[in-house]
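One-letter residues, chain by chain:
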Amino acid sequence: MNNELEKLSDTQAEAGIIATLVYHPDFILHSDVLKAGYFYHKDNGCLYWAIDELIKAGVDNIDAFNISNMLQSNNAVKKTLESVNMPDMDEFIELCSDAARHTITEYQLLVISVVTLAFKRDLYKLLNKLQKQTLTQELDLNQLNKIVYDSLEDLTGRYMFDSDFQMFGEKVPGLWEEVCERRNNDGTIGVPSKFPHLARYFSYESGELVMVSGRMKMGKSAFMLNEAMDKIQRGIPTIYFDTEMNDRLFYLRMLANLTGIDQKKIKSGNLLPEEQKIIDDTNEWLKKQPFVHEFIPNATNEELFNKCRMMKYKMGLQFVIYDYFKSAETDSSNQYNDLGAKCDFLKNRIAGELDVAVLAGAQLNREDRVADSDKLERYASVSAKWRKKTADEMANDGKECGNYAFHIALNRLGEGMFEDEYIDFKFSGAQMRIEEAKQHEEQQVPY
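A brief structural summary. Computed from a prediction, not measured in an experiment: that's the story for all the values here.

When a strand is regular, its side chains alternate between the sheet's two faces. Most of strand β7 (residues 404-411) sits inside the fold, with 7 of its 8 residues counted as buried. Across 7 bridges, strand β6 (residues 382-388) lies against β7 in antiparallel orientation. In the sheet register, W386 faces β7, and the bridge partner there is F406. The sheet contact formed by β7 and strand β8 (residues 423-428) spans 3 bridges and is antiparallel. Looking at β8, one finds that F406 is bridged to I423.

Structural data, given as structure tokens:
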């Protein structure tokens, strides 16, 4: 392997870096990504370490005496030097004048070369290691997938190369272009909600997490189902992670929503010919839609990430629904931490890294809280509550204003709500359909 790795080295670039720093020690500030261990030749790595330590100590005279003293000050470095032929330090300093570069740009090109080759060597060694682990029969697909992903993520994370420091004004043109690119043709941003009144407050933007919470068996899953069906009818590739419902149960609800036929009639088969025709047509339509439903009662974070990443590649995934946050922990403190970690994962790994919009559900407890809601709302872009109206609200608002209310408790994407504000909805459980109702206080909908 050593012969192969030697091909992935650049002796002149390594020597050029050391020579340049002897004459221009301040250049080291422009190579934060470079580490002593990235040099193929150990003597060059030791010299780089010594110069770096001298500069950190405020010594800007990089001569033979100072370098030698620094090399001798560290036992690990001294031991490393015993295995290599170090040149006479005075002669080495003299030779540096011929190899030194005198502009930051030239120096950075040398750094890029050394760091790139170090990455290639580490990748070569990692792939050899993974090749051996592939032959280990004890590892199943998920375990091997996790090992590969974690190993590559760790390696690429260590070699993040960003040597350019920009003033904010230099970033403005690119940022403005990004803002413009995120707009839809009608001026909206992101994936619109099914419900027009929500556009005043938020849309489902890529990289953001919207969390909708509700009491047990009060229709929060129905809200997410309605959003999912709206998205596939708009042609938006969507995946629905379901912790409660298998494919058959979800399919019944989906059919009721799409066809407007009661779930009981669909289950019993007591259908009129025209109703059967609607269902047949809907089934044919569903076969062609970019939609995935995954029943995942106990999926790990990495399994979720890998599925989303695969769907991003296979169907251009844009919208992710996670129904809903739950924890297997029995201790309340551990449960809160577990739920907070899941929310962090959905916001930063799924939404952020994969650049998709995420809608997640959460269950309210008897105090109308989502466990330790602060831990969840720390990461959520929007936190909203979906609830059944009280008898007083029904009487005061009027029947035409519906039976359900949607309240936005936290909103980092736009306008917020007062505690007593809510949007009015009609929810029919038989057909799993949610529609906006007449608003008890008329609100202007932006179009």
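Additional details are given in the paragraphs that follow.
Moving on, we come to the packing of aromatic side chains. The final tally for this structure, using the stated rule, is 18 aromatic pairs. On the numbers, 5.2 Å between centres and 20° between planes, the contact of F223 with F406 is stacked. Linking F223 in helix α10 (residues 220-233) with F406 in strand β7, this pair joins segments that are 183 residues apart in sequence. Like F223, the residue F406 is buried in the burial classification. Through a chain of ring-to-ring contacts, three or more aromatic side chains come together here, namely F195, F223, W386, Y404, F406, F425 and F427. Above the face of the F319 ring, K231 is positioned so that its terminal group lies 5.4 Å from the ring centre. Note that R349 overlies the ring of F305, its terminal NZ or CZ placed 4.2 Å from the centroid.

Mapped onto the secondary structure, E6 falls in helix α1 (residues 2-7). C-alpha of E6 to C-alpha of M229: the two residues are 223 residues apart in sequence and 57 Å apart in space.

Moving on, we come to the sheet that holds strand β2 (residues 238-242). Picture the strands of a sheet paired through backbone hydrogen bonds; they go either parallel or antiparallel. Read across the sheet, 9 strands follow the order β3-β2-β4-β5-β1-β6-β7-β8-β9 without closing on themselves; strand pairing throughout is mixed. Of all the strands in the sheet, the pair left with one neighbour each is β3 (291-295) and β9 (433-436). Strand-to-strand, the axes of this sheet are offset by a mean angle of 20°, without reference to chain direction. α10 contacts β1 (209-214), β2, β3, β4 (319-325), β5 (357-363), β6, β7, β8 and β9 of the sheet and is inclined by roughly 170° relative to β4.

Scanning all chains against the criterion turns up 24 salt bridges. Here E294 ties to K307 by a salt bridge, and the two come within 3.3 Å at their closest N and O atoms. Here the residue E294 occupies a position in strand β3, and K307 occupies one in helix α14 (residues 301-315), the gap between them amounting to 13 residues. Note that R387 and E393 form a salt bridge whose closest N and O atoms lie 2.8 Å from each other. Each of D122, K125, D154 and R158 takes part in a single network of salt bridges with overlapping partners.

What follows is about a negative patch on the surface. Taken together, D88, D90, E91 and E94 make up a surface patch of like negative charges. Looking at the secondary structure, you find D88 in the loop between α5 (75-81) and α6 (89-99).

This next bit is on the state of the cysteines. Such a bond, covalent and formed between the sulfur atoms of two cysteines, is termed a disulfide. In total, this model carries 0 disulfides according to the counting rule given. Unpaired in terms of disulfides, C46 finds its nearest cysteine sulfur in C96, a separation of 15 Å.

Here E353 lies in helix α15 (residues 332-354). Each C-alpha atom of the pair E353 and I232 lies 23 Å from the other, and the pair is 121 residues apart in sequence. Side-chain polar atoms of E353 contact the side chain of R349, separated by 2.8 Å.

Moving on to the nonpolar core. In this structure, I17, L21, L34, Y48, I67, L71 and Y107 are the most contacted members of the largest nonpolar core, which totals 41 residues. For this core, the secondary structure elements donating two or more residues are α2 (11-23), α3 (42-56), α4 (64-72), α5, α6 and α7 (104-134). If one sorts the elements of this core by residue count, α7 sits on top with 8 residues. Ignoring sequence-local partners within four residues, the contact set of I67 consists of L47, A50, I51, L54, I62, M89 and I93. Formed by 38 residues, the second largest nonpolar core is a distinct cluster that contains F195, Y240, I321 and Y404.

Calculation notes
- Residues numbered from 1 in each chain as written.
- Predicted model: local features only at pLDDT ≥ 70, side-chain atom pairs only at ≥ 80, totals over all residues.
- Heavy atoms only, no water.
- Buried < 20%, exposed > 50% of the residue type's maximum accessible area, 1.4 Å probe, protein only.
- Helix = DSSP H or I, 4+ residues; strand = E, 2+ residues; numbered from the N terminus.
- Pairing = 2+ DSSP bridges.
- Phe/Tyr/Trp six-rings, centres within 6.5 Å; stacked < 30°, edge-to-face > 60°.
- Lys NZ or Arg CZ within 6 Å of the ring centre and 35° of its normal.
- Axes fitted to C-alpha atoms, helices over the stretch in contact; angles between N-to-C directions.
- Contact = heavy atoms within 4.5 Å.
- Salt bridge = Lys/Arg side-chain N within 4 Å of Asp/Glu carboxyl O.
- Patch = residues over 30% accessible without salt bridge, like charges linked within 9 Å, V, L, I, M, F, W, Y side chains within 5 Å.
- Areas by Shrake-Rupley, 256 points an atom, 1.4 Å probe, with all protein chains shown as cover.
- Lys, Arg positive; Asp, Glu negative; His and termini not counted.
- Charge placed at Lys NZ, Arg CZ, Asp CG, Glu CD.
- Disulfide = S-S within 2.5 Å.
- Polar contact = N/O pair within 3.5 Å; in protein donor to acceptor, adjacent residues only side chain to side chain.
- Core = buried A, V, L, I, M, F, W, Y, C linked by side-chain atoms within 4.5 Å.

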